[in-house]
Amino acid sequence: MPTPTYVPLANVTLTSTASSVYFSSISQSYRHLVLVVAPSSTSDTFLYLQMNGIGGSSYTWGSMMGDGSGTYVNQNMSTETFDLVPNVGGAANAICTVNFFDYTATNKNKAITWRTDRPSNGTIQGAGTLTTTGAITQIRVWEYGTNVFGIGSTFALYGIAG
Amino acid sequence: MAGETMALISTVTVGAGGASEFVFDSIPQTYTDLMIVHSTRQSGGVSFAGVNTQFNSSATGYSSRRLYGTGSGTASDSQSGNSAIPSGDANASSSTSNTYTTVTMYVPNYTGSTNKSTSSESVSEANATTAYQFMVAGLWANTAAITRVAITSTNGNFVQYSTASLYGILKGSGGATVS
């Protein structure tokens, strides 16, 4: 019998503004995770991602972007978070899909890739590493400072069998 | 217990006569997101030709920004006022034989009452200097739920063995906290 995959683990649609969305106690029964984030039109400037409550200087990432008139690259080493919307002017109306590979492994640092598309501004492909060999049990998607995700923003987490 | 959430709604394979488009109509409104995957080749006498995606038979309200590689360079462009979302340049009859272009498009919240954003990527390989990879951020500025998807060729027909599949993705519930 085929193994169920692309299994919905959690989902939230905001009915009031929020600065953070947490997926906690993530099932350890899958091989990879997929997170799909679609901030609403009233969302603010940032779309950051952290795992397991880790901040500090544990994240390294790079991305490439096209904005319709030029191509750009971004890189940030030993920083406190992944930045999923660099240079596209904000999170409103973006689509962001994040892949977490081998998230339960305890013998490797954690790697992610992501695509962010914001039709009014550009398209981004990114990849990054979190320096931890711990299994991922929590994901936080967040805005910075007083910025918020608007009402109607959606956040959905799926498990991929493997 | 959680179950599968990615369901095949419909799939089409082009026969010997070719086809100018793929159409998925009367799309069930019971899923959360859509994923469209197609593998196509066109009959026109060029190496690559555009592939377009249109919703609900509407020919207005489309815009996009693209990042692409050509095998020898990179570029980015933006388009507005189009009649469809351009998904990339697909293999056509003058490109390497038996080689088809793969496109994946993701459409979140397709039944919602907001404008429809899309995320897509395509790969058109060839045993030649020029080959394409596209990343496309697309927008259909229309608040209607999507009930129809048409994928169209721009130079001749889609040739035999071209395929297109439509998947529905269903969200879960709960499991997240907000602050």
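About the thresholds
- What you see as residue numbers is a count from 1 along each chain, following the sequence as written.
- Starting at A for chains and at 1 for ligands, labels are handed out in the order in which the entities are written.
- Totals for whole chains, interfaces and linings use every residue, but because this is a predicted model, local features are given only for residues with pLDDT of at least 70 and side-chain atom pairs only at 80 or more, for both listing and counting.
- Neither water nor hydrogens contribute to the side-chain values; these are computed over all heavy atoms in the structure.
- The nonpolar core is taken to be a set of buried Ala, Val, Leu, Ile, Met, Phe, Trp, Tyr and Cys residues, with the residues joined through side-chain atoms within 4.5 Å.
- Buried, partly exposed and exposed residues are distinguished by accessible area as a fraction of the type maximum, computed with a 1.4 Å probe on protein chains only: under 20%, between the cut-offs, and over 50%, respectively.
- Residue contacts are counted whenever heavy atoms from the two residues lie within 4.5 Å of one another.
- In this description a helix means any DSSP run of H or I spanning at least four residues, a strand means any run of E spanning at least two, and both kinds are numbered starting from the N terminus.
- Each residue carries a pLDDT value, the predictor's own confidence for that position, ranging from 0 to 100.

**Section: the nonpolar core**
Within soluble globular proteins, side chains that are nonpolar tend to cluster in buried spots.
Turning to step 1, where the next piece is worked out: Ranked by internal contacts, the top residues of the largest apolar core, which has 38 residues, are Phe23(A), Leu35(A), Leu49(A), Phe82(A), Phe100(A) and Ile139(A).
Turning to step 2, where the next piece is worked out: Leave out the neighbours within four places in its chain, and Phe82(A) touches Leu47(A), Tyr48(A), Leu49(A), Met51(A), Tyr59(A), Thr60(A), Trp61(A), Ile112(A), Trp114(A), Gly128(A), Thr129(A) and Leu130(A).
Turning to step 3, where the next piece is worked out: Ranked by size, the runner-up nonpolar core spans 27 residues in total, among them Val14(B), Leu34(B), Ala90(B) and Ala126(B).

**Digging into unusual backbone geometry**
Turning to step 1, where the next piece is worked out: Phi at Asp102(A) takes a positive value of approximately 50°, unusual for a residue other than glycine.
Turning to step 2, where the next piece is worked out: Counting through the fold element by element, Asp102(A) comes out in the loop between β8 (95-101) and β9 (110-118).
Turning to step 3, where the next piece is worked out: Positive phi, normally seen in glycine, also occurs at Tyr161(B), with a value near 80°.
Turning to step 4, where the next piece is worked out: Positionally, Tyr161(B) belongs in the loop between β11 (149-153) and β12 (163-169).

**Quick word on the confidence of the model for chain B**
All names here are of chain B.
Turning to step 1, where the next piece is worked out: Residue-level pLDDT values for chain B average 92, and 98% of them are 70 or greater.
Turning to step 2, where the next piece is worked out: Mean pLDDT across the elements of chain B ranges from a minimum in strand β13 (residues 176-178), with 86, to a maximum in strand β2 (residues 21-24), with 98.
Turning to step 3, where the next piece is worked out: Overall fold confidence (pTM) sits at 0.88, and the ipTM for the predicted complex is 0.78.

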